[in-house]
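Here is how the chains run, residue by residue.
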Amino acid sequence: MNATFEAAIERELGDLHRRDLRGPASVLSERYRFGDVTGVSHGFASGQAQAYLATRAPATFAATRKVLAELGSLRPGWAPKSILDLGAGPGTATWAAVAVFPSIEHAELVEREPEMAALGIRLGRNGLPDLLADSAWTIADAAEVTTPKSDLVVAAYILGELRHDRERSALERWWGAARGELLLIEPGTPAGFERLRAARSALISWGAQVTAPCPHDDACPMAGSDWCHFAVRLERSNLHRELKGARLGYEDEKYSYLAVSASRPCVPVARLVRSPRPHKGHVRLWLCEAGGLDERVISRREGEVYRRARAARWGDRLELN
Ligand SMILES: C[S@@+](CC[C@H](N)C(=O)[O-])C[C@H]1O[C@@H](n2cnc3c(N)ncnc32)[C@H](O)[C@@H]1O
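Now for a look at the structure at hand. Here the structure is a predicted model, which is why all the values come from computation and not from measurement. (Residues numbered from 1 in each chain as written. Predicted model: local features only at pLDDT ≥ 70, side-chain atom pairs only at ≥ 80, totals over all residues. Heavy atoms only, no water.)

Quick notes on the packing of aromatic side chains
All chains considered together, the criterion is met by six aromatic pairs. Ring geometry for F230 versus Y255: centroids 6.2 Å apart, planes at 45°, classification tilted. Of the two residues, F230 sits in strand β7 (residues 230–235) while Y255 sits in strand β8 (residues 250–261), which places them 25 residues apart along the sequence. Judged on exposure class, the residue F230 and its partner Y255 are both buried. (Phe/Tyr/Trp six-rings, centres within 6.5 Å; stacked < 30°, edge-to-face > 60°. Helix = DSSP H or I, 4+ residues; strand = E, 2+ residues; numbered from the N terminus. Buried < 20%, exposed > 50% of the residue type's maximum accessible area, 1.4 Å probe, protein only.)

Dropping the structure here:
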């Protein structure tokens, strides 16, 4: 995790006793596990916003930072100056964006729940002073709020919390607010991916082009029980581990994402949609390409292409020529 975000979390949670967070953490975890988050405001009862910060924000931060780094590498030289963070929670996406794009000077954050916004404001004051001086939190419904245009618009882990019948109009509004990239991130579950697949079709019909992860704007070829998702590994702090009742010192956060803009930077030839399988003398790859999904076997005899294929990881772009 980015050291400054980690430090800000520790400062915020440092004085709390673990036992004070255990109850709120388990209520929060049930709420998300049983999908009881859609459309209605539950508020964050005492300790729940902090529990989110301890148990979920490190993972959503890691996923968001990884996706933003991918956008940065697809658009070398891109230096966004402003971010609009929708369903900001404690400001996770803003922290990730600042870590990847030091060019960011202004952040607009929209969050529905006052308890969560208050926590985000505190975190920012303790850690992002320069940025915060010129940043604005709005406590409002992100599906309806009118915001200034921003270079980067991020809606991380919020689409699934909107009422289904409001998703399309919210998307249209967010797309209208994006001067550069609009980035949507959802849990890497079949349901999260389905929301992004629907968003992708709508955005393309409004003239958007896909920056990532798809190397094309054709119909999404994922079918059947397959869904497009990726993973990032992060270390768990002791508190994180304790509140989750977990033994492992790390977790793998699965996420799905979609980044679109008015004009795609460069088209990656292919993207690895599963982990490559290395074998003796060859490697097996599952790729999404302009022509659809493809399973390829690259043999050691292919020299440089084989070396690139061996080094590639799930979620990477891959040039095979
Ligand atoms: C799962 S959290 C994600 C927070 C943050 N984006 C992250 O990645 O860690 C979803 C957040 O969106 C907020 N939210 C849900 N629906 C909203 C809406 N219609 N307008 C504004 N915020 C909303 C929730 O209160 C919660 O703080």
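More follows now that the structure is in view.
A word on the packing of helix α3 (residues 48–55) against helix α6 (residues 114–127)
Between α3 and α6, whose axes approach to 9 Å, the crossing angle comes to 55°. The pairing of α3 with α6 is recorded here as oblique in orientation. Judged by the sense of rotation from one axis to the other, the crossing of α3 with α6 is right-handed. Between α3, through A49, Q50, Y52 and L53, and α6, the contact on the second element is made entirely by E115, M116, L119, R122 and L123. Partitioning the contact of α3 with α6 into residue classes produces six nonpolar, one polar and two charged. (Axes fitted to C-alpha atoms, helices over the stretch in contact; angles between N-to-C directions. Parallel < 35°, antiparallel > 145°, perpendicular 65-115°, else oblique. Left-handed = near helix turned anticlockwise from the far one by under 90°. Contact = heavy atoms within 4.5 Å. Nonpolar A, V, L, I, M, F, W, Y, C, P; charged D, E, K, R; others polar.)

Topic: the pattern of salt bridges
Scanning the model with the defined rule gives 21 salt bridges in all. The salt bridge partner of D151 is R179, with a shortest N-O separation of 3.0 Å. Taken together, the residues span a long stretch of sequence, with D151 in strand β4 (residues 150–156) and R179 in strand β5 (residues 178–187) at a distance of 28 residues. Judged by relative accessible area, D151 falls into the buried class, the value being 16%. Salt-bridge contacts for R284 lead to E295; the nearest nitrogen and oxygen are separated by 2.8 Å. Separated by 11 residues along the polypeptide, R284 in strand β11 (residues 282–289) and E295 in strand β12 (residues 292–299) bring together distant segments of the chain. Under the relative-accessibility criterion, R284 is labelled partly exposed at 27%. Residues joined in a network through salt bridges with shared partners are E70, R271 and R317. (Salt bridge = Lys/Arg side-chain N within 4 Å of Asp/Glu carboxyl O.)

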